[in-house]
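# Chains, contacts and geometry: an overview
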Amino acid sequence: MPLNVNYLVVAGGGGGGCRHGGGGGAGGYRTITDNSYSASGAITVTVGTGGAGGTVPGAPPLRGSLGLDSVFGTITSVGGGGGGSGSDSGGTAPDGATVGGSGGGGAGYPGTPTTALVAAAGTAGQGNAGGNGLEGTSHYTGGGGGGSGAVGGTATDVVVVVV
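Residues numbered from 1 in each chain as written. Predicted model: local features only at pLDDT ≥ 70, side-chain atom pairs only at ≥ 80, totals over all residues. Heavy atoms only, no water.

When its secondary structure is counted, the protein shows zero helices and seven strands. Residue burial in the protein is summarised as follows: out of 163 residues, 38% are buried. Residue pairs at least 24 apart in sequence account for 52% of intrachain contacts in the protein once pairs closer than 6 positions are excluded. When the accessible surface of the protein is totalled, it reaches about 8,100 Å², and 56% of it is carbon and sulfur. (Helix = DSSP H or I, 4+ residues; strand = E, 2+ residues; numbered from the N terminus. Buried < 20%, exposed > 50% of the residue type's maximum accessible area, 1.4 Å probe, protein only. Contact = heavy atoms within 4.5 Å. Areas by Shrake-Rupley, 256 points an atom, 1.4 Å probe, with all protein chains shown as cover.)

Sheet strands pair by backbone hydrogen bonding; their relative direction is either parallel or antiparallel. Taken in spatial order, the three strands make up an open sheet running β3-β4-β5, and their pairing is antiparallel. The sheet terminates laterally at β3 (45–46) and β5 (75–77), the two strands that pair on one side only. When strand β4 (residues 70–72) meets β5, the two strands line up antiparallel, connected through three bridges. Following the sheet pairing, Phe 72 is matched in β5 by Ile 75. (Pairing = 2+ DSSP bridges.)

Positionally, Thr 98 belongs in the loop between β5 and β6 (109–110). One polar contact links the side chain of Thr 98 to the main-chain amide nitrogen of Gly 82, over a distance of 2.7 Å. When sequence neighbours within four positions are dropped, the list of residues in contact with Thr 98 reads Arg 63, Leu 66, Gly 81, Gly 82, Gly 103, Gly 104 and Ala 120. (Polar contact = N/O pair within 3.5 Å; in protein donor to acceptor, adjacent residues only side chain to side chain.)

Here we come to the packing of aromatic side chains. Under the definition given, this model contains one aromatic pair. Ring geometry for Tyr 7 and Phe 72: centres 5.3 Å apart, planes at 35 degrees, overall tilted. Taken together, the residues span a long stretch of sequence, with Tyr 7 in strand β1 (residues 3–10) and Phe 72 in strand β4 at a distance of 65 residues. (Phe/Tyr/Trp six-rings, centres within 6.5 Å; stacked < 30°, edge-to-face > 60°.)

In structure tokens:
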């Protein structure tokens, strides 16, 4: 006998990058109403956890870890992408953001632009891309991770002076 089933499957979010790092992307988001769901036996359910943030500079990996997938039967939501990281004074190379349910944000990086600045894409139908990081000589910041409803914010060069 078919069942009416409404479900929401959200995966774990990605971890943020360190050293001017980008934000971690949101976990993939899927919701469906199924008026003819029919199952025989057990249904596999897995709840994905969030990814760890980037480690201390000089101890790779510097970018955030991917969030873990969540599963309901045959429906899988993809874990969020890890945020990218900039370099450190010890010469550790920058580490780019990763693709996920929603993509990780690109890292801020001093000087010449690199791939660390570029945000990662989200998974179609589950999330959005992250925002790009900012390259500069005195200000460099990471972009926001992508969300379920919008692209992550691109870093801007704004200086706030508090008097």
